[in-house]
Amino acid sequence: MQKFGFSNMSTTQALELLPIDISRFRAGNTGIPYVTTLDSGTQGPHVLIMALTHGNEVCGAHALSWLVDQGLQPRRGKVTLAFGNVDAYAAFDPDNPGASRFLDEDMNRVWGRDILDGPRQSRDLARARVLRPIVEQADLLLDIHSMQTNCPALMLCGVHAKGRTLAAALGVPPLVVSDSGHKAGPRMRDFLGFGEEESSKTALLVECGQHWKSESREMAIQTSLRFLRATGTVDPDWLASRVDAQSPTQRFVRVTEAVTITTPKFHFLDDFEGMEVIARAGTVIAMDGNQPVLTPYDDCTLVMPSRRQIVGQTAVRFGRFET
Ligand SMILES: [Zn+2]
């Protein structure tokens, strides 16, 4: 098994990166709590950077706070900075840091009209409904996440060429994954035009690294800066003094299928962290009850194996390196 650029570390993580006080952003200026729009007053795209779609993924909150402290101001169009599941974030408990991903349900599995307009009620869905207008207004979206495992940072660019092109324009992170999401429900990055090939609306979801590693904050900041640069909304001189000049070679992975958990007895047969390449087709990587989970082809890449093994949720995605 080939590991891609990281060591296999213990699943016990030091909490290098903790939640910060975001109360200064509560009022915002959009009528939506914790959502602020910086408007250049001139024509241009409406660019949205979303942090905390998952409440325990704190690197995005650090990045937005840093951008504001650095005096971010667009020169074209609008830049909106949004903190997503703020109530889950407020529930962070350092003794159980993974628990604050959401309150009642995953806020990144509700982004379909049928769900948002439907009768279901939960605290996370209520917040998604409040955020919906700003997500609908945005032309370009960067949704900032982090991961459970010590997987290298990934850009999830969706299945269409427009997402891949935007990911390439950013140049980071070095790994770009095309995938269509989860059976458990649609993601913000796939909502309405973002998920439609013919729409010019484009979204990226960045997984900046492990939730509580300090490098994840740096990745969130650098990805945000490069996203802003690609949108043309921010003064190039302001960006140039802040963007890390390194440009790693990007590699692209296409997800071919997601493994959805069907029994309560799902378990992996190894301590997979993500982006391992399994050489032989037919290798058993997990058991779902009595059913072996087999890799479908040679050189199959394991994308984001989950440590939360719940029936109906994605356990792992299979992908192929394309470049
Ligand atoms: Zn996430």
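Residues numbered from 1 in each chain as written. Predicted model: local features only at pLDDT ≥ 70, side-chain atom pairs only at ≥ 80, totals over all residues. Heavy atoms only, no water.

**Student:** Let's hear about the coordination of the zinc ion: which residues, and what values?
**Tutor:** With distances of 2.0 to 2.4 Å, the protein atoms coordinating the zinc ion are His 54 (ND1), Glu 57 (OE), Glu 57 (OE) and His 145 (ND1). For the zinc ion, the four donor atoms in the first shell make angles of 57 to 148° at the metal, so the coordination geometry reads as irregular. Linear spacing of the donor residues for the zinc ion on their chain is H-x2-E-x87-H. By relative accessible area, His 54 is classed as buried at 3%. (Donors = N, O, S within 2.8 Å, 3.2 Å for Na, K, Ca; no water. Tetrahedral: all angles 85-135°; square planar, octahedral: opposite > 155°, others 65-115°. Buried < 20%, exposed > 50% of the residue type's maximum accessible area, 1.4 Å probe, protein only.)

**Student:** Tell me what's going on with the packing of aromatic side chains, and back it up with residues and numbers.
**Tutor:** Tallied over the full model, the rule gives five aromatic pairs. Between Trp 111 and Phe 191, the aromatic rings sit 5.4 Å apart at their centres with planes inclined by 70°, giving edge-to-face as the arrangement. Of the two residues, Trp 111 sits in the loop between α2 (86–90) and α3 (113–116) while Phe 191 sits in the loop between β6 (175–178) and β7 (202–210), which places them 80 residues apart along the sequence. Accessibility classification places Trp 111 together with Phe 191 in one group, the buried group. Among the aromatic residues, those joined into a cluster by ring pairs are Phe 25, Tyr 34 and Phe 83. (Phe/Tyr/Trp six-rings, centres within 6.5 Å; stacked < 30°, edge-to-face > 60°. Helix = DSSP H or I, 4+ residues; strand = E, 2+ residues; numbered from the N terminus.)

**Student:** Give a description of helix α4 (residues 123–137) that names residues and reports values.
**Tutor:** With 15 residues, α4 extends 23 Å from end C-alpha to end C-alpha; this agrees with the ideal 21 Å at 1.5 Å per step. Among the residues making up α4, those that are buried are Asp 124, Leu 125, Arg 127, Ala 128, Leu 131, Arg 132, Ile 134 and Val 135. Contacts from the buried residues of α4 go to β1 (35–39), β2 (46–51), β3 (78–83), α2 and α3. (Expected span 1.5 Å × (residues − 1). Contact = heavy atoms within 4.5 Å.)

**Student:** Run through the side chain of Asn 85, naming residues and quoting values.
**Tutor:** With respect to the secondary-structure elements, Asn 85 resides in the loop between β3 and α2. Judged by its relative accessible area of 2%, Asn 85 is buried. Here Asn 85 is in contact with Leu 52, Thr 53, Gly 55, Arg 101, Phe 102, Met 107, Asp 124 and Arg 127, once residues within four sequence places are set aside.

**Student:** Quick one: what's the story with the sheet that holds strand β11 (residues 284–288), residue by residue and with numbers?
**Tutor:** One open sheet holds the three strands; their spatial order is β9-β11-β12, and the pairing between them is antiparallel. Each of the sheet's edge strands pairs with one partner strand only, and the pair in question is β9 (266–268) and β12 (291–294). On average, each strand axis in the sheet is tilted by 25° relative to the strand beside it, whichever way the strands run. Sheet topology note: the β11/β12 ladder contains four bridges and is antiparallel. (Pairing = 2+ DSSP bridges. Axes fitted to C-alpha atoms, helices over the stretch in contact; angles between N-to-C directions.)

**Student:** Describe a nonpolar patch on the surface, and please don't skip the residues or the numbers.
**Tutor:** A cluster of nonpolar side chains, Leu 269, Val 284 and Leu 294, forms an exposed patch at the surface whose accessible area comes to about 240 Å². By the element assignment, Leu 269 lies in the loop between β9 and β10 (277–278). Judged by relative accessible area, which is 46%, Leu 269 ranks as partly exposed. (Patch = residues over 30% accessible without salt bridge, like charges linked within 9 Å, V, L, I, M, F, W, Y side chains within 5 Å. Areas by Shrake-Rupley, 256 points an atom, 1.4 Å probe, with all protein chains shown as cover. Salt bridge = Lys/Arg side-chain N within 4 Å of Asp/Glu carboxyl O.)

**Student:** Help me get a handle on the domain arrangement of the protein, residues and values and all.
**Tutor:** Domain boundaries in the protein define domain 1 (23–240) and domain 2 (255–321). A straight line from the C-alpha centre of domain 1 to that of domain 2 covers 26 Å. Tallying the contact residues gives 19 residues for domain 1 and 17 residues for domain 2. Counting the surface domain 1 buries against domain 2, the share from its top three residues, Gln 148, Thr 149 and His 182, is 32%. At the junction of domain 1 and domain 2, the tally comes to one salt bridge. When the shortest N-O distance is used, the salt bridge between Arg 317 and Asp 179 registers 2.4 Å. Summed over the shared surface of domain 1 and domain 2, the result is six residue pairs in polar contact (both at pLDDT 80 or more). For the side of domain 1 that touches domain 2, the secondary-structure elements that each account for two or more residues are β5 (154–156) and β6. Tallied by class, the residues present in the side of domain 1 that touches domain 2 amount to eight nonpolar, five polar and six charged. (Domains from an automatic or database assignment. Buried area = accessible area lost by both parts, 1.4 Å probe. Polar contact = N/O pair within 3.5 Å; in protein donor to acceptor, adjacent residues only side chain to side chain. Nonpolar A, V, L, I, M, F, W, Y, C, P; charged D, E, K, R; others polar.)

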